Every structure is written in structure tokens, then in C-alpha cells.
Amino acid sequence: MQIGSVNIDSKLVLAPMAGVTDLAFRTICRELGAGYTITEMVSAKALCYQDKKTLPLMELGPDEHPAGVQVFGSDLACMEEAAAIIREVARPDIIDINMGCPVPKVANNGDGSGLLKDLDKACRVAEAVIRGAKGTPVTVKMRLGWDKGNIVCLELSKLLESVGVSALTVHGRTKVQMYSGTANWDYIREVKNAVSIPVIAAGGIADGRGVAAAFLLGACGVQMGTRFLSAEECSIHPVYKERILKANDLCTMVTGKRLGHPVRSLRTNFARNYSKAEYGGMDDEALEALGSGALRKAVVEGDLEHGCFLSGQIAAMVHEVQPAADIVRDVIEGAEPVLKGATKWVR
């Protein structure tokens, strides 16, 4: 796969995941076959204001190439400056723009998937980053659109190609879907047929059959993320990890719909009280803080009585904690028979 001047010799891409894809984890996945790794998303404003906590997020390993840094924001001057900082400090092979993050505090500010509501602004953001990148290839990760009534990925992909974006990653869900429901990969095929730049498929891809399906639809690469939460090397709490793998519809409930951030939670007293607060008048900021605190309790402390966790389609496809090597092996071995022995897609 060729992205601008950068050659990537494996079509398996590690998706950027906040709080997960740090340098150590990316290094492990690269050793096991990921041909291209991307940092956690970094805030353009944080870079412009010289936030000391942000710089380490985009640190690349000495042998981590090709690699990308993902940036989010919507202020044009700030995005251009941030791209220049990324280019000079991190020296990545690629700079990726986040136009897909559906979290309310990002999207409601016009960043991430918020840009899907203003395609002209999205293009001007891309142009600003391209100016700041000064020759470093710029890519975009997007969703299908804001909701099912506003699917814009086809129009936006053509516009982004016209302003100089070097590749696209398309997550097959809308902003409103968040991480729930089934990803619609048919739109990925339509985007691939509409542009000449590489298109990487993302969203709900967790096994070999999913990878094979993405390639059969015409994707140039596949971006995988959530499946790796079950990896032994992932630093989330083992109690949380084990519980995700055992979750089913009968023992969980969906909360967070009012904020547009549905979270599948264990049916605990916390979840019931959260649901009551959600529709009982608690303001959005307090409600989001409560939910974020509960997720931290589950992920970091393993406290499932007072915590909540993200589950859903990916969790239902895996049943055990595995080394990252076994996950990659499962994916490769599962895809090859479907692709009838076409092994050129993986290193």
C-alpha cells in the first residue's frame, strides 16, 4: 500500500485508540505484523498551548516506521501550527486527521465527527494541516456521516482527495451509532470506487473473515482496534478484560443515550442509578463526569460494581484473553482461506 511517498509493506494497520495505543503497545503490535501504527489522537490546541502532557503521546519508537500521528481539532490556524509541531517534533511518516471521534465533548465542539456536519470546514481543516505538514503525507479518518439521514462519506472523500489528502480510513458507522450496531461496509466500497487514493476499512473488523470481506470490497488496508483490548499485553485491568469476554445481552444494559454516547454496562446498582440520573435532570457535564469516572473504575481498578465498561459487537466475537501474537495469527489464518491463498496482503 502506497500513501503519498510512503510505502507500507503490510495491509494490517493498528487503529489509534485513546488510552491504549501508547508506544509500548504499538511496538508489540508492530513486531507481530502491523505494518503501520498510529498514535493516540492528540489535541491541536494542546500542542499550540505547549501542554507538556501531550508531547509524550506522539513519541515514536526508534524503529517505528512507517508510523503516523493523529491530530484532532477544527481551528484552522491551530491545526496548521499543530501539523508543523508534529512534523518537527515527532517526525512521523504520515499525519492523520481525526474526523471520526464521536465522543460528545469532541464532536459537539465541531472537532472529530463534528466536522461531518460542515464539509467545507472539513476541507479547509485538511488544507491547513497539509500546509503545516510541508510535504509529509496527510490522511483522514472519517465516519459515514453524522446519522443515517446524513451520510456524507462519498461526497467528503472526493472533496478531500481534491485538496490533496493522500489516503482515507472509513469507519463504517455514523457518529450517532458511536460503537454500537453493525458497521456498513458497503459505503467503504462506494468510497473506494469514487477516489484514486488508498482507502482503509475500519469499524467492527475483529477476525479473519472481517478482514477478508474488507479486501473483497476493495479496501487497500484494514484498521483494527478494539479486538486488541483482549490482548494479554493490553494494560487494562484483568478483571475488566475477563468480564468483557463473558458479557452478553442478558447481563448488561445500555446507558448514555441522552449524551449520544451509549455504553453497554453491567446490570449493577451503579448502572441503574446512572440510568435514573440520565433522565432525572442531571446536567450533561455532571452526567458525563459520572460516566467517565465509572469507566475508569472498571478499566483501571477492575471495580465492576461501581464501574461500567464498553462492550458490544467485538466482545461477542472473542472468548478469551490472548497474546497479541495469537490475535494477529487468528486474523491472518482466518482471512487466507476466504481470499483463496492470496497471501500478498500480509507481510
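Residues numbered from 1 in each chain as written. Predicted model: local features only at pLDDT ≥ 70, side-chain atom pairs only at ≥ 80, totals over all residues. Heavy atoms only, no water.

Chemist: How do you make sense of the overall build of the protein chain when you look at a structure like this?
Modeler: A count of helices and strands for the protein chain gives 12 helices and 13 strands. Per-residue burial for the protein chain yields a buried fraction of 54% across its 347 residues. Across the protein chain, the fraction of contacts at a sequence separation of at least 24, relative to all contacts at a separation of at least 6, is 67%. Only carbon and sulfur atoms are counted for the fraction: they give 51% of the accessible area of the protein chain, which is about 15300 Å². (Helix = DSSP H or I, 4+ residues; strand = E, 2+ residues; numbered from the N terminus. Buried < 20%, exposed > 50% of the residue type's maximum accessible area, 1.4 Å probe, protein only. Contact = heavy atoms within 4.5 Å. Areas by Shrake-Rupley, 256 points an atom, 1.4 Å probe, with all protein chains shown as cover.)

Chemist: Any chance you could explain helix H3 (residues 76-89) here in plain terms?
Modeler: Residues three or four positions apart in an α-helix share a direction because the helix packs 3.6 residues into each turn. The end-to-end C-alpha separation of H3 is 20 Å, in line with the 20 Å expected for 14 residues at 1.5 Å each. Every buried residue belonging to H3 is among Cys78, Met79, Ala82, Ala83, Ala84, Ile85 and Ile86, and all of these are buried. Next to the buried residues of H3 lie strand S5 (42-43), helix H2 (44-48), strand S6 (67-72), strand S7 (94-99) and helix H5 (119-133). For H3, the capping residue at the N-terminal end is Asp75, with a side-chain oxygen 3.3 Å from the backbone nitrogen of Ala77. Positive phi appears at Arg91, one or two residues downstream of H3, with a value of about 50 degrees. (Expected span 1.5 Å × (residues − 1). Polar contact = N/O pair within 3.5 Å; in protein donor to acceptor, adjacent residues only side chain to side chain.)

Chemist: Please clarify how the nonpolar core should be interpreted in this entry.
Modeler: Inside soluble globular proteins, nonpolar side chains tend to come together where they are buried. Formed by 45 residues in total, the largest nonpolar core has its most connected members in Ile86, Ile97, Met99, Met142 and Leu160. Counting residues per element, this core draws most heavily on H5, which supplies seven residues. The residues touching Met142, leaving out its near neighbours within four places in the chain, are Met99, Gly100, Leu116, Cys153, Leu156, Ser157, Leu160, Leu168, Thr169, Val170 and His171. In this structure, Leu14, Phe25, Ile236 and Ala298 belong to the second largest nonpolar core, which totals 14 residues. (Core = buried A, V, L, I, M, F, W, Y, C linked by side-chain atoms within 4.5 Å.)

Chemist: Would you take a moment to explain the confidence of the model for the protein chain for this structure?
Modeler: The predicted coordinates of low-pLDDT regions are not to be read in fine detail. Averaged over every residue, the pLDDT of the protein chain is 82; the share at 70 or more is 81%. Contacts of residues 343-347 to residues separated by more than four positions or lying in other chains number 21 contacts, the stretch itself having pLDDT below 50. (pLDDT = per-residue confidence, 0-100.)

Chemist: So what exactly am I meant to see when it comes to H5 here?
Modeler: Taking 1.5 Å per residue as the helical rise, H5 with its 15 residues ought to reach 21 Å, and the 21 Å between its terminal C-alpha atoms agrees with that figure. Taken residue by residue, H5 has Leu119, Ala122, Cys123, Val125, Ala126, Ala128, Val129, Gly132 and Ala133 as its buried positions. Downstream of H5 by one or two residues, Lys134 has phi in the positive range, about 50 degrees.

Chemist: For this particular structure, what's the right way to read the environment of Leu116?
Modeler: Following the sequence through the fold, Leu116 ends up in the loop between helix H4 (104-107) and H5. As for Leu116 and Cys153, which are separated by 37 residues in sequence, their C-alpha atoms are 8.3 Å apart.

Chemist: Mind showing me how you'd approach empty space enclosed by the protein here?
Modeler: Any empty space left between the atoms is revealed when a probe the size of a water molecule rolls over them. Tallying each qualifying case throughout the model produces two cavities of 30 Å³ or more. Estimated volume of the second largest cavity: approximately 50 Å³. Every residue lining the second largest cavity is counted, 11 residues in all, and those nearest its centre are Tyr36, Asp96, Thr139, Thr169 and Ile200. Residue assignment for the lining of the second largest cavity shows that the elements contributing at least two residues are strand S4 (36-38), strand S8 (138-143) and strand S9 (167-171). For the lining of the second largest cavity, the element with the most residues is S9, which contributes three residues. Class assignment of the residues belonging to the lining of the second largest cavity gives a composition of seven nonpolar, three polar and one charged. (1 Å grid on protein atoms, 1.4 Å probe; cavity = no way out; pocket = protein on both sides within 12 Å on 5 of 7 lines; lining within 4 Å. Points joined across faces, edges and corners; volume = space filled by probe spheres on them. Nonpolar A, V, L, I, M, F, W, Y, C, P; charged D, E, K, R; others polar.)

Chemist: In this structure, what is going on with the packing of H5 against helix H6 (residues 153-163)? I would like to understand it.
Modeler: Two quantities define a packed helix pair, namely the angle between the axes and the distance from one axis to the other. H6 packs onto H5 with a crossing angle of 30 degrees between their chain directions and a minimal axis gap of 10 Å. Classified by the angle their axes make, H5 and H6 are roughly parallel. In terms of crossing hand, the pair formed by H5 and H6 is right-handed. Residue-level contacts link Leu119, Ala122, Cys123, Ala126, Glu127 and Ile130 of H5 to Glu155, Leu156, Leu159, Leu160 and Val163 of H6. Taken together, the residues of the contact of H5 with H6 break down into nine nonpolar, no polar and two charged. (Axes fitted to C-alpha atoms, helices over the stretch in contact; angles between N-to-C directions. Parallel < 35°, antiparallel > 145°, perpendicular 65-115°, else oblique. Left-handed = near helix turned anticlockwise from the far one by under 90°.)

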